Amino acid sequence: MKSDIFYQYVDRITELFRITREELFSKSKRRDLVDARYLLYYLCYTRPMSLSYIQKYMAENSYLISHSSVIYGINIIIDRVKDDSDYMQVVKDIQKAVFF
């Protein structure tokens, strides 16, 4: 059940950022890819999805990530949502579009 939600978020985020799944799950430090991954962590966490599940689904896509890195990414998006109403609207739109 949680994996369906995770992959719906992946689809929405890759569409929004105009990237591929392969790029999203690559180890690239390119800014848009990092931002996309952070947004994915945030959306999953606010669903709510445990950090362990987020790690598990990332690992299933060959992207190994620590708890602390996931938390860091979530906190970055929390700050962006507070400071940027456009970013908040994007988050709301994705949350409304994902269902299960």
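**Q** Now, about the side chain of arginine 37: what can you tell me, with residues and values included?
**A** Assignment of secondary structure puts arginine 37 in helix α3 (residues 31–46). A polar contact of 2.6 Å, which involves the side chain of arginine 37, links it to the backbone oxygen of serine 28.

**Q** Describe the nonpolar core, with residues and values.
**A** Counting residues in hydrophobic clusters, the biggest one holds 33 residues, and the most contacted among them are Phe6, Tyr9, Leu39, Leu40, Tyr41, Ile54 and Met58. By residue number, the principal contributor to this core is α3, which donates ten residues. Once you skip the residues sitting within four places of it in the chain, leucine 40 turns out to touch Phe6, Tyr9, Val10, Ile13, Leu24 and Met58.

**Q** Could you give me a rundown of the pattern of salt bridges, with the residues and numbers involved?
**A** Under the defined criterion, the tally for this structure stands at six salt bridges. Close ionic contact of arginine 21 with aspartate 11 constitutes a salt bridge, the shortest N to O distance being 2.7 Å. Residue arginine 21 is found in helix α2 (residues 21–24), and its partner aspartate 11 is found in helix α1 (residues 2–17); the two are separated by ten residues along the sequence. Of the residues examined, arginine 21 reaches a relative accessible area of 33% and is grouped as partly exposed. For aspartate 11, a relative accessible area of 40% gives the class partly exposed. In the salt-bridge network here, residues are joined through shared partners; they are Glu23, Arg30 and Asp32.

**Q** Just give me the short version of the packing of aromatic side chains, but keep the residues and values in it.
**A** Geometrically, a pair of aromatic rings is defined through the distance of the ring centres and the angle of the planes. Throughout the structure, instances matching the rule amount to six aromatic pairs. When the centroid spacing of 5.1 Å and the interplanar angle of 90 degrees are considered together, the rings of phenylalanine 6 and tyrosine 7 count as edge-to-face. Taking 6.0 Å as the distance between ring centres and 75 degrees as the angle between the ring planes, the aromatic pair formed by tyrosine 38 and tyrosine 72 counts as edge-to-face. With tyrosine 38 in helix α3 and tyrosine 72 in helix α5 (residues 67–83), this residue pair connects regions lying 34 residues apart in the sequence. Tyrosine 38 sits in the buried class, given a relative accessible area of 15%. Put simply, the rings of Phe6, Tyr7, Phe25, Tyr53 and Tyr57 touch in pairs and so form one group of aromatic residues. In this arrangement the basic side chain of lysine 27 is found over the ring face of tyrosine 63, its NZ or CZ atom lying 4.1 Å from the centre.

Reading the values: the criteria
- Residues numbered from 1 in each chain as written.
- Predicted model: local features only at pLDDT ≥ 70, side-chain atom pairs only at ≥ 80, totals over all residues.
- Heavy atoms only, no water.
- Helix = DSSP H or I, 4+ residues; strand = E, 2+ residues; numbered from the N terminus.
- Polar contact = N/O pair within 3.5 Å; in protein donor to acceptor, adjacent residues only side chain to side chain.
- Core = buried A, V, L, I, M, F, W, Y, C linked by side-chain atoms within 4.5 Å.
- Buried < 20%, exposed > 50% of the residue type's maximum accessible area, 1.4 Å probe, protein only.
- Contact = heavy atoms within 4.5 Å.
- Salt bridge = Lys/Arg side-chain N within 4 Å of Asp/Glu carboxyl O.
- Phe/Tyr/Trp six-rings, centres within 6.5 Å; stacked < 30°, edge-to-face > 60°.
- Lys NZ or Arg CZ within 6 Å of the ring centre and 35° of its normal.

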